[in-house]
Amino acid sequence: MDEDRPSTKPRLEKLGVKPGARVVVLGVEDKTFLRELKQRGAGIADSPRKNSDFIFLAATKKTGLKRLESLRRFLKPNGALWVVWPKGQPALKENDIIVAAIAVGLIDNKVASFSDTHSALRLVIPLAKRPKT
């Protein structure tokens with residue numbers, strides 16, 4: 001596969017959203033994304049809720065990352081918090097998100113093109129810090 005070519009996978013597959021997933025969407029103003037989630041059969045909320053499979057958080061500045069710590073507790077142990085930010089904006093860069101995530105005990109493990117104008121970075125609870133089942 002040519003690494004310079006954009007993925008042709010549907011967006012929700014790239015993001016890992018399965019049918020029936022519990023999804024929280026915070027500030028992501030993308031009607032097509034919301035429609036895709038509904039079509040996938042995801043349970044969608046616009047405020048944090050316990051045992052979420054996914055949280056999508058829109059951020060445009062470093063200050064928007066202050067919510068990471070409080071949002072972490074709403075994730076299932078194997079859930080993902082995706083930070084969605086505008087591409088090419090100097091106010092927020094991928095490294096800013098990584099630094100903020102590490103500070104609250106999350107790690108990044110995937111970056112994806114969310115849309116033509118936005119990128120997304122997946123943050124998860126490290127395996128060593130997840131509750132043992």
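As a starting point, this report considers the structure included with it. Predicted model only: the values in this text are computed from it and were never measured. (Residues numbered from 1 in each chain as written. Predicted model: local features only at pLDDT ≥ 70, side-chain atom pairs only at ≥ 80, totals over all residues. Heavy atoms only, no water.)

1. Observations regarding the pairing of strand 3 (residues 52–58)
Then step 1. Along strand 3, 6 of the 7 residues are buried, which leaves the element largely enclosed by surrounding structure.
Then step 2. Pairing geometry for strand 3 and strand 4 (residues 75–86), over 6 bridges, is parallel. Each residue of the ladder has a partner; that of A58, found in strand 4, is V84. (Buried < 20%, exposed > 50% of the residue type's maximum accessible area, 1.4 Å probe, protein only. Helix = DSSP H or I, 4+ residues; strand = E, 2+ residues; numbered from the N terminus. Pairing = 2+ DSSP bridges.)

2. Things to note about the pattern of salt bridges
Then step 1. Under the defined criterion, the tally for this structure stands at 4 salt bridges.
Then step 2. For K76, the salt bridge is made with D53, and the minimal N-O distance between the two is 3.0 Å. Within this pair, whereas K76 is found in strand 4, its partner D53 is found in strand 3, the two being separated by 23 residues in sequence.
Then step 3. Here D96 ties to K62 by a salt bridge, and the two come within 3.7 Å at their closest N and O atoms. Residue D96 is located in helix 4 (residues 94–103), and its partner K62 is located in the loop between strand 3 and helix 3 (68–72); the two are separated by 34 residues in the primary sequence.
Then step 4. Residue K62 is classed as exposed on the basis of its relative accessible area of 53%.
Then step 5. Overlapping salt bridges bring together R11, D30 and E36 as one network. (Salt bridge = Lys/Arg side-chain N within 4 Å of Asp/Glu carboxyl O.)

3. Describing the side chain of R122
Then step 1. With respect to the secondary-structure elements, R122 resides in strand 6 (residues 118–124).
Then step 2. Lacking a salt bridge, the buried R122 has D108 as its closest oppositely charged neighbour, with an N-O distance of 9.2 Å.
Then step 3. One polar contact links R122 to N109, side chain to side chain, over a distance of 2.7 Å.
Then step 4. If near-sequence neighbours (up to four positions away) are discounted, R122 is found in contact with A80, L81, W82, I107, D108, N109 and K110. (Lys, Arg positive; Asp, Glu negative; His and termini not counted. Polar contact = N/O pair within 3.5 Å; in protein donor to acceptor, adjacent residues only side chain to side chain. Contact = heavy atoms within 4.5 Å.)

4. Some remarks on the packing of aromatic side chains
Then step 1. For the structure shown, the criterion picks out 4 aromatic pairs.
Then step 2. Here a set of aromatic residues connected by ring pairs shows up, and it is made of F33, F54, F56, W82 and F114.
Then step 3. It is R11 that lies over the ring of F114; its NZ or CZ is 4.6 Å from the centre.
Then step 4. Geometry around F74 places K50 over its ring, the cationic atom sitting 5.7 Å from the centre. (Phe/Tyr/Trp six-rings, centres within 6.5 Å; stacked < 30°, edge-to-face > 60°. Lys NZ or Arg CZ within 6 Å of the ring centre and 35° of its normal.)

5. Some thoughts on the pairing of strand 4
Then step 1. Counting buried residues in strand 4 gives 9 out of 12 residues, a clear majority hidden from the surface.
Then step 2. Relative to strand 6, strand 4 runs antiparallel, the two being bridged by 6 bridges. Its bridge partner lying in strand 6, V83 is registered against L121.

6. Quick look at the nonpolar core
When a protein is soluble and globular, its nonpolar side chains tend to lie buried together.
Then step 1. The biggest cluster of nonpolar side chains holds 24 residues, and the ones touching the most others in it are I55, L65, L68, L81, V83, I97 and L123.
Then step 2. Residue assignment for this core shows that the elements contributing at least two residues are strand 1 (22–26), strand 3, helix 3, strand 4, helix 4 and strand 6.
Then step 3. Counting residues in hydrophobic clusters, the runner-up holds 19 residues, among them V17, F33, F54 and A120. (Core = buried A, V, L, I, M, F, W, Y, C linked by side-chain atoms within 4.5 Å.)

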